[in-house]
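# Reading the structure
Spelled out from the first residue to the last, the chains are:
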Amino acid sequence: MSGSEQADGPIEVRMSRKTRPEVYPTLLQNPNAERVLADFHWHEYMRANHDLDFPDAQHARWHLEYDGHREKRLFDLDRVQHFDQVYYRARYPEHRPESDAEAQMHYSYIGYYEARIPNADTEWVCSTDLYIVQHGKVGSYAIVVAHEGRHEGGVLHMHWPTDIPLNYPACALTNARIVARPRVRSLKVVSACREVLSRVISGARQYLDTVARNDGFELALERLIAYLEDAFLHDCDVVTSWFDHRFNCGLDIYAHRFDHERGDVHLRNGVIDLFLYRQEDLGRIERPLAEFLGLPDFRLGRHNTAESKGYQEVYHELMTRFVVPWPIIEKLYAAPHMRFFYTEDERARLLEHWTRPRDAHVSRASPCRESRQ
């Protein structure tokens, strides 16, 4: 065949399909491409691949799209920091990763976006079926101690959803993604509230007592007052807005009604099964909480109290003398948090309680209980 005939005639190319369906030649063919590019940071890409150097983010992005993905390059080292190749290959054999490197690649570009589990620690957190999630100083520790050794499934005790990455650093999923995972039964959650002023004062004295112990000084009333002068309103805002996270599943407790006579309420939304109580009623929720947990022998004790920490004198003196200006407390008690958990009569009693000095006996009692006597 002459050169001209070769140029003018048909060209036949032998083709074969060697690429497995789950491995994409370019990033653009990956169904998660848009999410990968949204997570992409070019400096992190170069940190993960020391042989690469780009003048700007666009050149790095082009490389990832057309070469980096095909070359099976990682684009985020932090994503695979706690990745367990052996665990992943055993858990997801249907993907048939031929090596640890391929398993890592699959998780980075596909498994991560499908909320697949990369290690045993993440599996344990995901398998928990009971959350004790409360903003602290509401009796949560007493509940943890009471059910310890009795609950068959996993239990997470936390004050904020962000406690998961802090307390379980090897867990690769956020609390929102864990809660949203399909379950055979709804996730059980125990949560609570407390009157905002007593909660803020209690939290302040525990925080300062911890600081005092660590720094080697004695907690004094003057130091506690100075802290409250600086942080009181901020801490009140934190407490009254605590339920705004809606438990990462859209459950708006304020769209329901709290049972003030019982001191607790049981709410469900198809994702979580919530037992919600008031700290002031902790002493009388033992039976309904036992029924919720499915533990007939459940008993609550006293734990983590002021009397056990050596600062009861400072605390009692503050509770006797601490007062709040009427306009401030009136605004605080108008917040949805207080209006939901406390009746109008209870809020009136509490308002009167905090706007004038009290004797030691009264300061230890909860004014909101008086309306039920």
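Below, the structure is looked at part by part. Each chain carries its own residue numbering, running from 1 in the written order of its sequence. With pLDDT at 70 or above as the cut-off, local features in this predicted model cover only qualifying residues; side-chain atom pairs require 80 or more to be listed or tallied, and sums for whole chains, interfaces and linings still use all residues. Only hydrogens and water are set aside when side-chain values are computed; all heavy atoms of the structure are taken into account.

## As for the environment of Arg35
What counts here: The numbering of helices and of strands both runs from the N terminus, where a helix is a DSSP run of H or I of at least 4 residues and a strand a run of E of at least 2. Three labels apply to residues, based on accessible area from a 1.4 Å probe with only protein chains included: buried if under 20% of the type maximum, exposed if over 50%, partly exposed otherwise in between. We define a polar contact as two N or O atoms separated by no more than 3.5 Å, with the added condition that, inside protein, one atom must be a possible hydrogen donor and the other a possible acceptor, whereas residues neighbouring each other in sequence contribute only through side-chain atom pairs.
Here Arg35 shows up in helix α2 (residues 33-39). Exposure remark for Arg35: the relative accessible area of 43% places this residue in the partly exposed category. Arg35 sits 78 residues away from Tyr113 along the chain, and the two C-alpha atoms are 8.1 Å apart. Here Tyr113 takes part through its backbone oxygen, which lies 3.4 Å from a polar atom of the side chain of Arg35.

## Describing unusual backbone geometry
Its identity is not glycine, yet Arg246 carries a phi of approximately 55°, on the positive side. Inspection of the secondary structure puts Arg246 in the loop between α12 (221-240) and β4 (264-268). What makes Arg246 partly exposed here is its relative accessible area of 37%. Despite not being glycine, Phe247 shows a phi value in the positive range, around 60°. Tracing the backbone through its elements, the reader meets Phe247 in the loop between α12 and β4.

## Digging into the sheet that holds strand β3 (residues 187-193)
Strands in a sheet are paired, the pairing made by backbone hydrogen bonds, and the direction either parallel or antiparallel. Stated precisely, the cut-off is as follows: Here, any two strands with at least 2 DSSP bridges between them count as paired. Between the N-to-C directions of two axes lies an angle of 0 to 180 degrees, each axis being a line fitted to C-alpha atoms and, for a helix, fitted only over the stretch in contact.
Taken in spatial order, the five strands of this open sheet run β2-β1-β3-β5-β4, and their pairing is mixed. Of all the strands in the sheet, just β2 (155-158) and β4 have a single pairing partner and so form its edges. On average, each strand axis in the sheet is inclined to that of its neighbour by 15°, with strand direction left out of account.

## A word on the pattern of salt bridges
Rules: Each salt bridge in this description consists of a side-chain nitrogen of Lys or Arg and a carboxyl oxygen of Asp or Glu lying within 4 Å of one another.
This model, assessed by the stated rule, comprises 22 salt bridges. For Arg246, the salt bridge goes to Asp252, with nearest N and O atoms at 3.5 Å. Of the charged contacts, one joins Asp273 and Arg268 as a salt bridge, the two residues approaching to 3.5 Å between their closest N and O atoms. By relative accessible area, which is 12% here, Asp273 ends up buried. Shared partners join several salt bridges into a network, and the residues in it are Asp51, Asp67, Arg70, Glu71 and Arg73.

## Points about the packing of α12 against helix α14 (residues 312-321)
Spelled out, the test is: By definition in this entry, angles of less than 35 degrees are roughly parallel, angles greater than 145 are roughly antiparallel, angles of 65 to 115 are roughly perpendicular, and the rest are oblique. The handedness criterion is simple: a crossing whose near helix is rotated anticlockwise from the far helix by less than a right angle is left-handed, and one whose near helix is rotated clockwise is right-handed. Contacts were defined at the residue level, with two residues in contact if any of their heavy atoms lie within 4.5 Å. Amino acids are sorted into nonpolar (Ala, Val, Leu, Ile, Met, Phe, Trp, Tyr, Cys and Pro), charged (Asp, Glu, Lys and Arg) and polar (every other residue, Gly among them).
The N-to-C vectors of α12 and α14 enclose an angle of 50°; their axes lie 10 Å apart at closest approach. Looking at the two axes, α12 sits oblique to α14. When you trace α12 past α14, the crossing you get is right-handed. Contact residues: α12 offers Leu221, Leu224, Ile225 and Leu228, while α14 offers Val314, Glu317, Leu318 and Arg321. Taken together, the residues of the contact of α12 with α14 sort by class into six nonpolar, no polar and two charged.

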